[in-house]
Amino acid sequence: MTKRINNFSAGPAILPVEVLEEARENMLSLGDTGIGIMEHSHRGKAFIAVLEEVEANCRKLANISDDYSILFLQGGASSQFFMIPMNFLQPDQTADYLVTGVWAKKAIEQAQRYGKTHTAASSKDRNFCYIPKTATYSDNPAYVHFTSNNTIYGTQWGTEPEVPAGSTLICDASSDIFCRPIDVSKYDLIYAGAQKNLGPSGVTLVIMKKELIERGNKEIPEMLQYRTHAENDSCYNTPPTFGIYIMGLVFKWILNQGGLKGVGEANQEKANVLYRFLEQSKLFKSTADVDSRSLMNIPFVTGNEELDKAFISAATKAGFDGLKGHRSVGGMRASIYNAFPKSGVEELVRFMSDFEAKQA
Ligand code: PMP
């Protein structure tokens with residue numbers, strides 16, 4: 001058995017062992033086809049069956065109706081930052097953004113290339129350590145965009161932001177997709193790079209209302225129109241077949257954990273272990289406001305950069321990898337996505353507690 005360590009990476013991130021084991025089995029031959037999963041043509045029967053099953057399981061998982069298309073795109077979540085305004089923002093229109101971190105900022109910056117933008121709310125004044133409670137929207141925005149979980153700062157929307165009735169709601173859910181139950185019918189478009197909660201990097205899941213797809217700009221390159229991918233079942237060109245396959249295994253794994261309700265409860269329990277420790281610790285402090293704390297990414301600091309470095313170095317030696325905080329925040333960050341086991345969080349807390357005792 002290969003030794004695996006506690007991987008707190010923010011992404012690409014830990015995947016369920018069961019998923020990796022099943023993938024390993026199918027690497028040389030997908031079922032009894034005699035051809036490995038990565039070697040099958042995307043136009044062949046075997047891969048089309050995989051694709052259909054992945055889509056069906058995605059629908060089942062989040063109860064997604066036929067009013068929505070499910071697309072598997074490339075270019076990462078970062079390509080959605082420009083594809084969205086290219087398709088849905090005309091030069092004379094305004095798009096509203098809730099700016100809760102660097103990724104949201106990158107998204108609004110791309111929109112500025114295509115039309116007007118309005119920052120409906122921002123938490124920049126305190127380095128994005130909270131989710132704004134109020135927002136001021138422009139009149140009749142082309143759409144409202146928000147980032148459901150702010151990977152770097154460890155903040156997460158508890159529920160969807162309240163937006164004016166009839167708004168087109170678009171969400172970057174890259175770092176918390178399917179971490180708990182979600183009412184997809186409240187959204188017009190949800191996108192997520194796979195490399196945190198869904199699979200390997202290289203595939204982006206896009207769940208979008210068919211009615212929105214119809215509204216997209218027809219003057220832009222075909223590869224950048226959502227309708228192209230919707231009309232061709234994500235096979236207009238060669239899709240990221242291996243990533244889609246792994247995403248399908250992850251969907252099945254989530255269904256086996258009791259679906260979104262099951263993983264949601266497990267994620268809450270897991271995060272509580274670390275938050276409870278941080279609340280009573282005299283050395284380590286959580287950096288996000290209590291009412292905005294994320295289930296997925298938990299940043300913390302000692303308040304002393306040298307001590308942070310010493311902690312990260314000691315933790316790495318002890319088999320806790322990926323704990324260094326993002327360069328824009330510093331300190332530490334434990335990313336504990338769906339696949340991260342509770343036992344690993346408990347081990348981290350024991351290690352932190354020992355480290356703290358040694359400092360005292
Ligand atoms: N949005 C969020 C919330 C992210 O965390 C990230 C990546 N960490 C991105 C977008 C960018 O994703 P990608 O690297 O797939 O372009």
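Conventions we followed
- Residues numbered from 1 in each chain as written.
- Predicted model: local features only at pLDDT ≥ 70, side-chain atom pairs only at ≥ 80, totals over all residues.
- Heavy atoms only, no water.
- Near = heavy atom within 4 Å.
- Polar contact = N/O pair within 3.5 Å; in protein donor to acceptor, adjacent residues only side chain to side chain.
- Areas by Shrake-Rupley, 256 points an atom, 1.4 Å probe, with all protein chains shown as cover.
- Helix = DSSP H or I, 4+ residues; strand = E, 2+ residues; numbered from the N terminus.
- Nonpolar A, V, L, I, M, F, W, Y, C, P; charged D, E, K, R; others polar.
- Axes fitted to C-alpha atoms, helices over the stretch in contact; angles between N-to-C directions.
- Parallel < 35°, antiparallel > 145°, perpendicular 65-115°, else oblique.
- Contact = heavy atoms within 4.5 Å.
- Core = buried A, V, L, I, M, F, W, Y, C linked by side-chain atoms within 4.5 Å.
- Buried < 20%, exposed > 50% of the residue type's maximum accessible area, 1.4 Å probe, protein only.
- Expected span 1.5 Å × (residues − 1).
- Domains from an automatic or database assignment.
- Buried area = accessible area lost by both parts, 1.4 Å probe.
- Salt bridge = Lys/Arg side-chain N within 4 Å of Asp/Glu carboxyl O.

Caption draft 1: The site of the ligand, seen in detail. Around the ligand, a shell composed of 13 residues is seen, among which Ser78, Thr151, Asp172, Gln195 and Lys196 lie nearest. Taking serine 78, its side chain carries an N or O atom lying 2.6 Å from an oxygen atom of the ligand. Within the side chain of threonine 151, a nitrogen or oxygen atom sits 2.5 Å from an oxygen atom of the ligand. In isolation the ligand has 400 Å² of accessible area, and contact with the protein removes 85% of it. Broken down by element, the residue count for the shell around the ligand peaks at four residues, all from helix H3 (residues 76–88). Split by residue class, the shell around the ligand holds three nonpolar, eight polar and two charged.

Caption draft 2: View of the packing of helix H8 (residues 259–280) against helix H10 (residues 342–359). The geometry of H8 relative to H10 is characterised by a closest axis approach of 9 Å and an angle of 10° between their N-to-C directions. Relative to H10, the element H8 lies roughly parallel. Packed against H8, whose contacting residues are Glu269, Lys270, Val273, Leu274, Phe277 and Leu278, the element H10 presents Lys342, Val345, Glu346, Leu348, Val349, Met352, Ser353 and Glu356 at the interface. Grouping the amino acids of the contact of H8 with H10 by side-chain chemistry returns eight nonpolar, one polar and five charged.

Caption draft 3: Inspection of the nonpolar core at higher detail. In terms of nonpolar packing, the biggest core is built from 50 residues, with Phe72, Ile177, Phe178, Leu198, Leu205, Ile207 and Phe251 touching the most fellow members. When residues in this core are grouped by element, the largest group, nine residues, is from helix H7 (residues 241–256). The residues touching isoleucine 177, leaving out its near neighbours within four places in the chain, are Ile190, Ala192, Asn197, Leu198, Leu205, Ile207 and Asn338. Of all hydrophobic cores here, the second largest spans 35 residues; its members include Phe340, Leu348, Val349 and Phe351.

Caption draft 4: Helix H2 (residues 45–62), seen in detail. Along its 18 residues, H2 runs 26 Å from first to last C-alpha, staying within 8% of the 26 Å computed at 1.5 Å per residue. Of all the residues in H2, the buried ones are Phe47, Val50, Leu51, Val54, Asn57, Cys58, Arg59, Leu61 and Ala62. In the core, the buried residues of H2 are packed alongside strand E2 (68–73), strand E10 (204–209), H7 and H8. Just downstream of H2, asparagine 63 is the residue with a positive phi angle, here 50°.

Caption draft 5: Structural view of the domain arrangement of the protein chain. Here the protein chain is described as being made up of domain 1 (17–256) and domain 2 (259–359). Buried area between domain 1 and domain 2, both sides added, is near 2100 Å², and the carbon and sulfur share of it is 54%. Remark: the boundary between domain 1 and domain 2 carries two salt bridges. In this structure, aspartate 289 engages arginine 126 in a salt bridge whose closest nitrogen and oxygen atoms are separated by 2.8 Å. Along the contact surface separating domain 1 from domain 2 lie 15 residue pairs in polar contact (both at pLDDT 80 or more). At the level of secondary structure, the elements contributing two or more residues to the side of domain 1 that touches domain 2 comprise H2, strand E7 (155–156) and H7. Take the side of domain 1 that touches domain 2: its biggest share by element is three residues, from H7. Residues belonging to the side of domain 1 that touches domain 2 are distributed by class as follows: 15 nonpolar, eight polar and five charged.

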